[in-house]
Amino acid sequence: QVQLVESGGGLVQAGGSLRLSCAASGSIFSINAMAWYRQAPGKQRELIARISIGDSTNYADSVKGRFTISRDNAKNTLYLQMNSLKPEDTAVYYCNTEPRGSWGQGTQVTVSS
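Residues numbered from 1 in each chain as written. Predicted model: local features only at pLDDT ≥ 70, side-chain atom pairs only at ≥ 80, totals over all residues. Heavy atoms only, no water.

Trainee: Is there a simple way to explain unusual backbone geometry in this structure?
Mentor: A negative phi angle characterises most non-glycine residues, just as the trans form characterises most peptide bonds. Backbone torsion omega between Glu98 and Pro99 reads -5°, so that peptide bond is classified as cis. With respect to the helices and strands, the residue Pro99 is situated in the loop between β9 (91-98) and β10 (107-112). Phi angles above zero are rare outside glycine, and Asp55 is one such case at about 75°. For Asp55, the location among the structural elements is in the loop between β5 (46-51) and β6 (57-59). In this structure, Ser84 takes a positive phi of about 50° despite not being glycine. Mapped onto the fold, Ser84 is located in the loop between β8 (77-82) and β9. When its relative accessible area of 41% is taken as the criterion, Ser84 is described as partly exposed. (Helix = DSSP H or I, 4+ residues; strand = E, 2+ residues; numbered from the N terminus. Buried < 20%, exposed > 50% of the residue type's maximum accessible area, 1.4 Å probe, protein only.)

See the structure below:
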């Protein structure tokens, strides 16, 4: 079973930036589409960004133009560059394969106003 470890979260002010990383235990990114999800307080987990095997990307409207998903297959690492952060971006962020496998612990992102 692949293990996913998210990191890079933290506390930032509105308008700031963070870069999240998702490290995998095996060489899975070359053969799987990958995605970032987030779960805000009181809300269900939502898909916010996806990257295909061929590196095409899709974003939720709420993050489009501000977030960028990318992958480094050689390093088995997925990234999420988050710019122009807003308080509404406050959530626990998770990565996963598509179709979904096991969830990691996520990384907390808190954006203050």
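Trainee: Is there a simple way to explain the pattern of salt bridges in this structure?
Mentor: Where charged atoms from two side chains of opposite charge approach closely, those side chains can pair. Scanning all chains against the criterion turns up five salt bridges. Here Glu46 and Arg38 are joined by a salt bridge, their closest N and O atoms 3.0 Å apart. Since its relative accessible area comes to 33%, Glu46 is described here as partly exposed. Classification of Arg38 as buried rests on a relative accessible area of 5%. One salt bridge in this structure joins Arg38 and Asp89, with 2.9 Å as the shortest N-O distance. Here Arg38, found in strand β4 (residues 33-39), pairs with Asp89, found in the loop between β8 and β9; they are 51 residues apart in sequence, far enough to count as distant. One network of salt bridges, in which partners are shared, links Arg38, Glu46, Arg66 and Asp89. (Salt bridge = Lys/Arg side-chain N within 4 Å of Asp/Glu carboxyl O.)

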